[in-house]
Amino acid sequence: MSRATRRPAVRLVAGVLLLLLAVLLSLAVGSRQIAPSEVFDALLHGGTGDNAQVVRALRVPRTLIGAMVGLALAVAGVVMQGLTRNPIAEPGVLGVSQGASLGVICAIAFFGVHTLNGYVWFAFVGAGLAAVAAYAVASGGRGGASPVKLALAGAAMNAFLASVVSGIVTTDAQVLDEFRFWDVGSISGRDGSVVAQTWPFLLAGLLLVAITVPGLDALALGDDVARGLGHHVLRVRILGALAATVLTGAAVAAAGPIAFVGLAVPHIARALVGSGHRWVLPMAAVLGPSVILVSDVLGRVLFPPSEVPVAVMTALLGVPFLVALVRRKATVAA
């Protein structure tokens, strides 16, 4: 193994170990502190005590959802930054997050849905429709869906959908009261049914990402070079945008909008392993869940017995870290 390959591989292994530690902390730490030995007993030996029930019934689903959301947002962020060649692109750039929010609002206000399990499907449909609309707008006119047009169309779609959401919630206090608990971005209160509803979309999104990896590396060199290397640029953009939409839609549907992860984790991954997507994507895939789970654990213990939602913690922890990376010029262009 060459030195150029060995260093990213070692850092990826370190990232996997960090993720395993984050999973253990998520299962053991909270309002009820549980020893690691009891966690393993609950998972491997069918423990029957109160702590074992807490681990299996509450913390395992919460941890799984946190890992899935972090994975989806981080990988979607890498894809969107690669497609648009924009270092500040993030998973919601096509209006996906606001589309999911509108879906949840419609579920509450017009369809009488009042459960997290019910929100998931409406959020996913809203996310998908918003992304399709943004891509349709960007595809019109000369040049097709170029990176700049995608970013502008996504910004316009985000602004439009945000105004619609605000218009609905400000005219119905009951809808606003219910919606705000989803909109804050949290992985608490979710059960195994949410995992069952979202994992097929997560798997589908990851498969689409795997198909687009060679094209993403070629797009980094410019559209003309990518065509010269034999890649169908439009097909790569469509598949990549679809993958990012599916991943982001699944994450937002499961946990609500969570900022920072999809924007900053790709930069952290590139700073660690370079710009090649065959290393950046797996590194982001382990760092994203770690960020979500560690943020969630800190949110549980800062102000007991209350909890700080994970979206608040990711912003508090992530923004200063991203600023530090920028000041050190540690980020690598997408």
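Keep in mind that what you see is a predicted model, and the values were worked out from it rather than measured.

Here is what the cut-offs are and how they apply
Residues numbered from 1 in each chain as written. Predicted model: local features only at pLDDT ≥ 70, side-chain atom pairs only at ≥ 80, totals over all residues. Heavy atoms only, no water. Helix = DSSP H or I, 4+ residues; strand = E, 2+ residues; numbered from the N terminus. Rg over C-alpha atoms; globule rule 2.2 N^0.38 Å. Buried < 20%, exposed > 50% of the residue type's maximum accessible area, 1.4 Å probe, protein only. Contact = heavy atoms within 4.5 Å. Areas by Shrake-Rupley, 256 points an atom, 1.4 Å probe, with all protein chains shown as cover. Lys, Arg positive; Asp, Glu negative; His and termini not counted. Charge placed at Lys NZ, Arg CZ, Asp CG, Glu CD. Salt bridge = Lys/Arg side-chain N within 4 Å of Asp/Glu carboxyl O. Phe/Tyr/Trp six-rings, centres within 6.5 Å; stacked < 30°, edge-to-face > 60°. Expected span 1.5 Å × (residues − 1). Axes fitted to C-alpha atoms, helices over the stretch in contact; angles between N-to-C directions. Parallel < 35°, antiparallel > 145°, perpendicular 65-115°, else oblique. Left-handed = near helix turned anticlockwise from the far one by under 90°. Nonpolar A, V, L, I, M, F, W, Y, C, P; charged D, E, K, R; others polar. 1 Å grid on protein atoms, 1.4 Å probe; cavity = no way out; pocket = protein on both sides within 12 Å on 5 of 7 lines; lining within 4 Å. Points joined across faces, edges and corners; volume = space filled by probe spheres on them.

The helix and strand tally for the protein chain stands at 13 helices and zero strands. A globule of 334 residues ought to have a C-alpha radius of gyration of about 20 Å, and the protein chain, at 20 Å, matches this closely. Referenced to the eigenvectors of the C-alpha coordinate spread, the extents of the protein chain come out at roughly 65 × 60 × 35 Å. Buried residues in the protein chain amount to 50% of all 334 residues. The contacts in the protein chain between residues at least 6 apart in sequence include a share of 74% that link residues at least 24 apart. As presented, the protein chain carries roughly 15,000 Å² of accessible surface, and 69% of it is formed by carbon and sulfur atoms. Between the centroid of the 22 positive side chains of the protein chain and the centroid of its 14 negative side chains there is a distance of 16 Å.

Before going further, it helps to spend a moment on the pattern of salt bridges. Any two side chains of opposite charge can pair if their charged atoms end up close together. If you walk through the whole model with that rule in mind, you get five salt bridges. Between D224 and R227 there is a salt bridge whose closest N-O contact spans 3.3 Å. Taken together, the residues span about one helical turn, with D224 and R227 both in helix α9 (residues 223–228) at a distance of three residues. Judged by its relative accessible area of 48%, R227 is partly exposed.

What the rule picks out here adds up to four aromatic pairs. When the ring of W121 is compared with that of F201, the centres are 5.9 Å apart and the planes differ by 70°; the resulting orientation is edge-to-face. Remark: F201 occurs in helix α8 (residues 192–219) and W121 occurs in helix α5 (residues 116–139); sequence separation between them is 80 residues. Ring geometry for F124 and F201: centres 4.2 Å apart, planes at 35°, overall tilted. Taken together, the positions of F124 in helix α5 and F201 in helix α8 put the pair 77 residues apart, joining distant regions of the chain.

We now examine helix α6 (residues 147–169). The end-to-end C-alpha distance of α6 is 33 Å, a good match for the 33 Å that 23 residues give at a rise of 1.5 Å each. Where α6 is concerned, the buried positions are P147, L150, A153, G154, M157, L161, V165, I168 and V169.

One can find H277 in helix α12 (residues 277–301). You can call H277 buried: its relative accessible area is 2%. The sequence separation of H277 and T212 amounts to 65 residues, and the corresponding C-alpha distance is 9.9 Å.

This part is about the packing of helix α3 (residues 50–84) against α8. Here α3 crosses α8 at 25°, and the two axes come no closer than 10 Å. By the criterion of interaxial angle, the relationship of α3 to α8 is roughly parallel. As α3 runs across α8, the sense of the crossing is left-handed. From α3, P61, L64, I65, M68, L71, A72, V75, V79, G82 and L83 reach across to α8, where they touch G192, V194, V195, T198, W199, L202, L206, V209, L216 and L219. When the residues that make up the contact of α3 with α8 are grouped by side-chain class, the tally is 17 nonpolar, three polar and no charged.

This part is about unusual backbone geometry. Glycine aside, negative phi is the norm for most residues, and most peptide bonds take the trans geometry. The omega torsion across P304 and P305 is 0°, close enough to zero to call that bond cis. Relative to the assigned elements, P305 resides in the loop between α12 and α13 (310–327). Its identity is not glycine, yet R85 carries a phi of approximately 50°, on the positive side. Mapped onto the fold, R85 is located in the loop between α3 and α4 (96–110). The exposure class of R85 is partly exposed, given its relative accessible area of 35%. Positive phi values are uncommon outside glycine, yet F260 reaches one of about 75°. Positionally, F260 belongs in the loop between α10 (233–255) and α11 (261–273).

Remark: the empty space left among the atoms is shown by a probe the size of a water molecule rolled over them. Across all of its chains, the model carries one cavity of 30 Å³ or more by this definition. By volume, the largest cavity amounts to about 60 Å³. Residue lining of the largest cavity: I65, M68, V69, A72, T198, L202, A250, A251 and A254, and that is the complete set. Counting only elements with at least two residues in the lining of the largest cavity, the list comes to α3, α8 and α10. A breakdown of the residues in the lining of the largest cavity according to their chemical character gives eight nonpolar, one polar and no charged.

Right, let's get into the packing of α5 against α8. In contact at an axis separation of 9 Å, α5 and α8 are set at 20° when each is read in the N-to-C sense. With respect to α8, the element α5 is oriented roughly parallel. For α5 against α8, the interelement crossing comes out right-handed. Facing N117, V120, W121 and F124 of α5, the residues of α8 in contact are S193, V194, Q197, T198 and F201. Along the lines of polarity and charge, the residues of the contact of α5 with α8 split into five nonpolar, four polar and no charged.

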